[in-house]
Amino acid sequence: MIDKYDDLGFAKTDTSREERTGFPEVVFCQGKRDEHLVEIYKNIYKKEKKVFGTRASSHQYEIVKKEIPNVIYDEVSRILYADEAPLEKKGEVAVCCAGTADIPVAEEAAMTAEFFGCHVERYYDIGVSGIHRLLDKADDIRRANCVIAVAGMEGALASVLGGQVKNPIIAVPTSVGYGASFNGLSALLTMINSCANGVSVVNIDNGYGAGYIATQINRLAEK
């Protein structure tokens with residue numbers, strides 16, 4: 001197969017990515033010039049009839065909306081997307097977060113998995129400071145093909161879930177916390193050093209990466 005791309009001069013949109021990987025190209029919106037972002041969105045949407053971007057601002061939503069009127073922006077996750085034919089939601093991914101301050105990253109993960117065709121169940125504010133809240137939902141979480149655990153502070157949620165479920169856990173450290181959390185580094189190190197089995201870890205605040213990997217696991221489980 002000859003890989004295809006569209007050369008826009010300032011960017012080369014990867015029009016054959018879904019053929020190779022099962023996922024279309026996703027746009028990282030943050031830091032892009034207005035005119036560049038608009039042209040990238042227009043190009044991908046014209047070819048794919050869908051486009052998905054992360055870390056978008058409300059301003060970027062407004063300028064893209066002028067060209068793609070049906071584009072949707074979620075202020076919490078900062079996801080900017082349009083889709084003429086949404087995928088049927090299959091399987092189950094559980095997205096868990098420790099506290100309400102972690103919800104933006106959790107929603108980035110959840111909405112990514114949903115866009116790519118996963119049925120997602122959300123379990124928010126079940127951190128270890130009130131562990132009865134987590135244990136109350138444990139049976140429900142166990143049903144999922146994959147679990148995403150989003151937490152800041154000391155990041156203990158992933159380890160506790162690791163002792164409760166049999167399917168893979170993707171831990172997402174967040175930059176939520178006081179000074180000694182070092183903008184998420186403390187949670188990252190806790191998760192990497194987890195003594196619980198079956199816990200893998202993505203980068204700080206990388207909800208998108210967790211949602212992507214969770215989709216791959218969910219697809220395999222549903223085959």
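Residue positions are given per chain, counting from 1 as you read along its sequence in written order. Local features in a predicted model are, by the rule used here, given only for residues with pLDDT of at least 70; side-chain atom pairs are given and counted only at 80 or more, and totals for whole chains, interfaces and linings are based on all residues. To get the side-chain values, all heavy atoms of the structure are used, and hydrogens and water are removed first.

*Asks:* Give me the lowdown on helix α7 (residues 185-192), citing residues and values where you can.
*Replies:* Count 3.6 residues to each turn of an α-helix, and residues three or four apart come out pointing the same way. All buried positions along α7 are accounted for by A187, L188 and M191. Along α7, the residues classed as buried sweep out an arc of 100° about the axis, all on the same side. We call two residues in contact when some of their heavy atoms are within 4.5 Å. Helical segments are the DSSP runs of H or I of at least four residues, strand segments are the runs of E of at least two, and each set is numbered from the N terminus. Where the residues of α7 are buried, they touch β9 (146-151), α6 (157-162), β10 (169-173) and β11 (199-201). Throughout this description, buried means an accessible area under 20% of the type-specific maximum (1.4 Å probe, protein chains only), exposed means over 50%, and partly exposed covers the range between. Along the arc lie the directions from the helix axis toward the C-beta atoms.

*Asks:* So what's going on with the packing of helix α4 (residues 103-115) against helix α8 (residues 207-222)? Which residues, and what values?
*Replies:* Each pair of packed helices can be described by the angle between their axes along with the distance between the axes. Under this scheme, a helix contributes an axis fitted over its contacting stretch, all axes are lines through C-alpha atoms, and angles between N-to-C directions fall in the 0 to 180 degree range. It is at 7 Å that the axes of α4 and α8 come closest, and there the two elements cross at 35°. Pair α4 / α8 crosses with right-handed handedness. Contact with α4, carried on its side by V105, E108, A109, T112 and A113, involves G207, Y208, G211, Y212 and T215 of α8 and no other residues of that element. Note on residue categories: nonpolar means Ala, Val, Leu, Ile, Met, Phe, Trp, Tyr, Cys or Pro, charged means Asp, Glu, Lys or Arg, and polar means any other residue, Gly included. Of the residues assigned to the contact of α4 with α8, the class counts are five nonpolar, four polar and one charged. In this scheme the crossing of two helices becomes right-handed for a clockwise turn of the near helix relative to the far one and left-handed for an anticlockwise turn of less than a right angle.

*Asks:* Requested: an account of helix α3 (residues 58-65), with residues and values cited.
*Replies:* The complete set of buried residues in α3 reads Q60, Y61, I63 and V64. Those residues of α3 that are buried lie in contact with α2 (34-48), β5 (72-74) and β6 (79-83).

Honestly, it's all geometry; don't read function into it.
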